[in-house]
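Coordinate inspection notes
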Amino acid sequence: MRTLWTRHLPGPVVGLSLAEHKGVVDVVLGAESGDLEISFDLSGNPADQARQGADSNSGPDTGDGHLSLTVDGSHVCTLVGGTVWQRLRLDSDITAMTAMTAKRDRTLVFLGTVAGILYAMTPLITPARAAALLRDEALLPTSGDPADRAARAAKLYEQAGSPTFAVFRLRHLAASGEVDAVDTDRLIAAIARKAAHVVCADPALAFEVGGAFARVGAYEEAVAAYQIAASSERHRTAALHAVGDCFSVLDIPVAAVASYRAAAASGPNDETRNDLYHLARRLEERGQSTEAVTQYEKLLPWGAGYRDVWARHGILRSTEPILAASSSASSSSSDPVPPDLVSVVRQLDGVGLLPTAKRTIDDYDATFYERFENPAVSDSVKKRLEMINLFGVVDPARIQTSLDVGSGTLRYPQVLARYGVRSYGIDLRDAWIRDNADAECKGRFAVADGTALPFRDRSFDLITCMMGTVNHLSAAQRRRFFAESLRTLRPDGRLVLSAWDPRCDFQSLLSFYSPEESDELRRHLSRPEELAAEITAAGFAGFTVTPFFAFPDWQVLSCDQPAEGAAALAVLAELDQLRIQRTPGLAGQMFLLSARRDSAPDSAKLGEAPLPTGAGSGRRARP
């Protein structure tokens, strides 16, 4: 877009209309005393008082539809055939737009902003040129070498004069299968190198270019492009996470971890802000004023002017004691039924599994286990949300025996024992068990390898492998572990594992990992569908995938109350559910995968104890 003229007005623009046959654009301004109307001719000169009953055009008329205009916040976009030709940022959010076709096939566009500025602009491409470009595109060969078609298309788009259009149109052709994706990445990288000045000015374009650079192995150039993209709030989290991936491939682990942490702490994008706002409104409507205030306060640092957050926060703060008392008095009769995971939180809190007091261990001889059992707040919340989600898919009342693989501190065996489950645990080391467990715990633990379980066939109703333990296994080790799990589970028994999701843009691993350990772990993460395919191939059925911790760590760290407590966990669990329901396919920092062993005649006795060879008293069990 090229700016023809601008006019600074005494208030925000709230409406625009055109009287084309009289050559006048009427501007409606918002003012304290009421709406104000000002008129200009097409050259930007003040016109007579606004014409009553003048013809109006509330939408951007650009001819035959090949050329169109859209508004996105403070950006106005010119599109050719539905693909961005140019994206231009104005001074503030655009509140009104109208357009008309003038002489010599020129389109005049009028835009008003919340800052009170009226713009008269014209696209850099005319409707006739846009139509000609799309006709030439339709004449490209559809058969023969896909690489040749991609090269011809790239040349055509570059000659048209918009590197932005060239990049996004090539990506569109690749997505529709008309050209090869690998060829497309190579061509986009070449276009970006020749138009670096354009890429630097457009974060959305830089994000697309960064992906192309990374896929062709130009990781240093990808870092530069992604860092430009990170200047945009919309792309910041994903771009910083992608920068971390590039640094990981370049074997610069400290920079990688710093980038991942920056992504995790980058604050909410528009979608996340919207989810937090709706959660706060939901809590407010249920009378949970304290929890609602907390969610509104999480929004304030990232945009105090967002919707009516200030006003609602102020009202709740002034009436909080009254609302809290009212909520307490009426909770038995009028409160809506809480979501499932919130019920699980209350259940776990009721049996004492969500203490807020910090536990102290007198003597550890293994630093790893000390760090695991006394983690940072965000780590602790991840572990507790994992447990909440486990009990969301597993009913402990239906379990008689269980095994936890990677159970160096017997966390889940001790939890399940509260429900009367005969629970066992194995790990490659017994450092914590040897120095801290009592005789009963030692009797339910064995030093053993999950790829060669020292237990009888059909011994367990449930096998768990939690907190990303499966991510430390190679593909071959996972195959053996899944086979061993199938062997030792009873019919209809369940295998449940939790893993880190490599698709998450704001992921931060457990804080006690060193940069080198984090980098190495990220190299071995598997997508949910990949693990599901491996489990299915092993003979399991009926798998489900449940993402959790679908928010960055800063939302935990900003909690004023103890984040591990039941009240805070209930809100975070509800936020998880809200985000996942509103955004299908959303990747959380972690996911829970549950699979079932098919029913079959079972020769084993249901209540038979699955004592391993050499188990008990912490002795080593031989596979």
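This structure is a prediction, so every number in the text was calculated from the model and none was measured.

Let's talk about the overall build of the chain
The helix and strand tally for the chain stands at 23 helices and 17 strands. Here the chain, with 623 residues, has 53% of them falling under the buried criterion. With an accessible surface of roughly 27,400 Å², the chain has 51% of that area assigned to carbon and sulfur atoms.

With respect to the pairing of strand β11 (residues 401-405)
Each regular strand displays side chains that alternate between the two surfaces of the sheet. When you tally the buried positions in β11, you get five out of five residues, the bulk of the element. Side chains T401, L403 and V405 of β11 all project onto a buried face; the interleaved residues S402 and D404 project onto the opposite face, where all are buried too. For β11 and strand β12 (residues 422-427), the ladder comprises five bridges, and the chain directions are parallel. From the neighbouring strand, T401 faces β12, where its bridge partner is R422. Viewed along the sheet, the connection from β11 through helix α16 (residues 411-417) into β12 turns out right-handed.

What about the sheet that holds strand β1 (residues 2-8)?
Spatially, four strands are ordered β1-β10-β9-β8 in an open sheet, and the strand pairing comes out antiparallel. At either margin of the open sheet sits one strand with a lone partner, and together these are β1 and β8 (94-101). Strand-to-strand twist in this sheet, taken as the mean axis angle between neighbours without regard to direction, amounts to 15°. Here strand β9 (residues 107-113) pairs with strand β10 (residues 117-122) via four bridges, running antiparallel. Within β10, the position partnered with V109 by the bridge is M121.

A few points about the packing of helix α6 (residues 203-215) against helix α7 (residues 219-229)
At their nearest, the axes of α6 and α7 sit 7 Å apart, and the two run at 160° to each other. The orientation of α6 with respect to α7, classified from their angle, is roughly antiparallel. The interaxial crossing formed by α6 with α7 has left-handed handedness. Contacts between α6 and α7 involve P203, A206, F207, V209, G210, G211, F213 and A214 on the former and, on the latter, Y219, E221, A222, A225, Y226, I228 and A229.

What about the packing of aromatic side chains?
Scanning all chains against the criterion turns up eleven aromatic pairs. Here the aromatic rings of Y424 and F460 are separated by 6.3 Å at their centres, their planes lie at 65°, and the arrangement is edge-to-face. Residue Y424 is found in strand β12, and its partner F460 is found in strand β14 (residues 460-465); the two are separated by 36 residues along the sequence. Given the relative accessible area of 9%, Y424 is considered buried.

Focus on α7
Owing to its 3.6 residues per turn, the α-helix aligns residues three or four sequence positions apart on the same side. Buried residues of α7: A222, V223, A225, Y226 and A229, and no others. For α7, the secondary structure elements touched by its buried residues are α6 and α8 (236-249).

Reading the values: rules and limits
Numbers given for residues are sequential positions, taken from 1 along each chain in its written order. For this predicted model, a pLDDT threshold of at least 70 governs which residues receive local features, and a threshold of 80 or more governs which side-chain atom pairs are given and counted, while totals over whole chains, interfaces and linings are taken from all residues. Neither water nor hydrogens contribute to the side-chain values; these are computed over all heavy atoms in the structure. Helix and strand definitions follow DSSP, with helices as H or I runs of at least four residues and strands as E runs of at least two, each counted in order from the N terminus. Here the term buried applies to any residue with accessible area under 20% of the maximum for its type, exposed to any over 50%, and partly exposed to those in between, with areas from a 1.4 Å probe on protein chains only. Areas reported as accessible are Shrake-Rupley estimates using a 1.4 Å probe. Residue values count occlusion only from the protein chains shown. In this scheme, strands are said to pair when DSSP sees at least two bridges between them. The path from the first strand over the helix to the second decides the hand: if it runs clockwise while the strands point away from the viewer, the crossover is right-handed. Lines fitted to the C-alpha atoms define the axes, with helices restricted to the stretch that makes contact. Angles between their N-to-C directions range from 0 to 180 degrees. For classification purposes, angles smaller than 35 degrees are called roughly parallel, those larger than 145 roughly antiparallel, those between 65 and 115 roughly perpendicular, and all remaining angles oblique. Take the far helix as the reference: if the near one is turned anticlockwise from it by less than a right angle, the crossing is left-handed, and if turned clockwise, right-handed. Contact definition: two residues touch when any of their heavy atoms are within 4.5 Å. Only rings of Phe, Tyr and Trp enter the pairing, Trp through its six-membered ring, and a pair is recorded when the two centres are within 6.5 Å. The plane angle decides the type: under 30 degrees is stacked, over 60 is edge-to-face, the rest tilted.

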